[in-house]
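Structural overview
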Amino acid sequence: MPYRPSRRDLLVSAAAFAAMPRVARAAGEYDVAIVGAGAAGLAAAHKIKAAGRRAIVLEAAGGPGGRIASAPRVSGAIYDKGANRFSAPEQNPLVRLARAERLTVYGPPVGKRLYIGDREARDNEYDDFTAALGRTSRTIAAVAELGRDVPASRVLPDIGDWKGTVSFALGPLPHGKELDEISTVDLSRLEERYDDVMIRQGTNALITAIAKPLELETNTIVQRIDMTNRSRVELESNRGTVSARAVIVTVSTGVLAANRIRFSPALPASVMDAINKLSLGTRERAVFELPGNPFRFNADERVIFKTEDTRSVMFTMRPGGSDLVYADFGGAFGRELSAAGDAAVADFIAKFVREHFSGGKKVEIGKVDVARWSREPYVLGGTSAAAPGAGGSRRVLMQPVQERLFFAGEAAHETLWGTVAGAAFSGERAAELALRHLTASEKPAPAPARESARKRR
């Protein structure tokens, strides 16, 4: 029987966060300060802790997780507002920590089911879609290989009536942007992922377990990072000032571009340009229930639909074996639908269910909850995608600033950007750089060279 976390589970986890010991902020106490407790921040903190160094994680929200977050429904069911699939499981530090905590890691169904109208696609239609998708991906990669960093929409091959569905699958669905907003170079570098895993106990249990051994301050909004002192970095927040020898910033490019954190001295122009060109797309999630599994889907199956354009949605049916359905939508249509309000989202979802699953008959889907990451004040969007002409921006963001400021997060990974794995890997990379900086700064200065005998004569 699938695990179904209750409202009580979520409340117990929240209480556990609240009960975590708060650290005294003694000046000069920390080796590394980490801004943001998402996948990157948590992975970085574990890496630094394992090295015997002391790190503090400062999180603006009421709990850790970032874009990995859960919430309760009126029915008591718990749903994931954001990421709930984890790629590269054999290397992903979050999956490694989940296994160490004896959480159950399992593989959901691979791929997606395709619907055309009110029926599932036939074998030849699956083949046609797969061929169109593969041809488009190869064309984008070939153009990027030639050094042409242009909007991906400009290089689409002739794929007939699959253009809308392929464009949705490559742009708004995974990245929250239309293909004319995404760099061919950036898109071509993204690794394909076939080995995603999920956590049986849910993402809330994962984040609770990972965050527990760390020194974590929630509801702490970092407002200024001062690096004018050569030996220390001062982080000013709504709850006081923290001092550390190095800092890792893992907040989203949306937050950075909005200047929610001021830097002194100001960040180099090249870094700010990279941040602005790695803007976040719009990818939202509507959640509803279909009690009793009326359409006989397996747990965690994902369904996409053949459409004429990108005004579409992907359903994740019965996540974790529950009666829930996740409806993910994004891009220009996502912004439009989200802005129209909850009632408009609910009407769209109900119509979609009638058209594709119930033969036009009305289906009771209950209350629709909408997770709007574009309105989350400490996120301000979905995930990053480089603008055309800015395919090298991630490398800029991955470089240290003044040797003691390091950026991490999904935007700071070249081949797994937009993923939890990419964020976690970038957090570990930033931690390694910070540790090297600490070691180098502790070495005694070399003694001045003696004047040579010849020079004395």
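Here's what I pulled together on the structure shown here. Note on numbering: residues in each chain are counted from 1, in written sequence order. In keeping with the model being predicted, local features are shown solely for residues with a pLDDT of at least 70 and side-chain atom pairs are shown and tallied solely at 80 or more, while totals for entire chains, interfaces and linings include all residues. Hydrogens and water are ignored here; the side-chain numbers use all heavy atoms of the structure.

**Quick notes on the pairing of strand β12 (residues 240–249)**
For clarity, the threshold we go by: Relative accessibility under 20% of the residue-type maximum defines a buried residue, over 50% an exposed one, and the middle range a partly exposed one, all with a 1.4 Å probe and only protein chains included. Secondary structure is summarised from DSSP: a helix means a run of H or I of at least four residues, a strand means a run of E of at least two, and numbering begins at the N terminus for each. Any two strands with at least two DSSP bridges between them are considered paired.
Burial analysis of β12 places eight of its ten residues in the buried class, the great majority of the element. Sheet analysis places strand β1 (residues 30–35) next to β12, joined by five bridges and oriented parallel. Note that in β12 the partner of Val35 across the bridge is Val249. One ladder, built from five bridges, connects strand β11 (residues 233–237) with β12; its direction is antiparallel. Across the sheet, the residue bridging to Glu234 is Ser243, located in β12. Connecting β11 to the next strand, β12, in antiparallel fashion are two residues.

**Quick look at the pattern of salt bridges**
This is how it is decided: A carboxyl oxygen of Asp or Glu within 4 Å of a side-chain nitrogen of Lys or Arg is what we treat as a salt bridge.
Within the structure shown, the criterion is met by 30 salt bridges. Here Arg67 makes a salt bridge to Glu410, at a shortest N to O gap of 3.7 Å. Placement of Arg67 in the loop between β2 (55–58) and β3 (70–72) and of Glu410 in the loop between β19 (405–407) and α14 (420–442) is noted, with a sequence separation of 343 residues between them. On the basis of relative accessibility, which here comes to 23%, the residue Arg67 falls in the partly exposed class. One salt bridge in this structure joins Arg73 and Asp369, with 2.9 Å as the shortest N-O distance. Taken together, the residues span a long stretch of sequence, with Arg73 in the loop between β3 and β4 (78–80) and Asp369 in strand β18 (residues 369–371) at a distance of 296 residues. Neither Arg73 nor Asp369 differs from the other in exposure class; each is buried. What emerges from the salt-bridge pattern is a single network uniting Asp31, Arg53, Arg245 and Glu442.

**Notes on the packing of aromatic side chains**
What counts here: Pairing of aromatic rings covers Phe, Tyr and the six-membered ring of Trp, with a centre-to-centre limit of 6.5 Å; geometry is then stacked below 30 degrees between planes, edge-to-face above 60, and tilted otherwise.
Taken as a whole, this structure holds 15 aromatic pairs when the rule is applied. Residues Tyr115 and Phe297 carry aromatic rings whose centres are separated by 6.2 Å and whose planes lie at 45° to one another, so their mutual orientation is tilted. Placement of Tyr115 in strand β6 (residues 113–116) and of Phe297 in the loop between β14 (283–289) and β15 (301–305) is noted, with a sequence separation of 182 residues between them. The buried category is assigned to Tyr115, whose relative accessible area is 10%. Residue Phe297 is classed as buried on the basis of its relative accessible area, which comes to 2%. Here Phe305 and Phe315 contribute two aromatic rings whose centre-to-centre distance is 5.5 Å and whose plane-to-plane angle is 80°, an arrangement assigned as edge-to-face. Of this pair, Phe305 sits in strand β15 while Phe315 sits in strand β16 (residues 314–317), placing them ten residues apart in sequence. Phe315 carries the same exposure label as Phe305, and that label is buried. Aromatic ring contacts, followed pair by pair, group Tyr115, Phe288, Phe295, Phe297, Phe305, Phe315, Phe333, Phe348, Phe352 and Phe357 into a single cluster.

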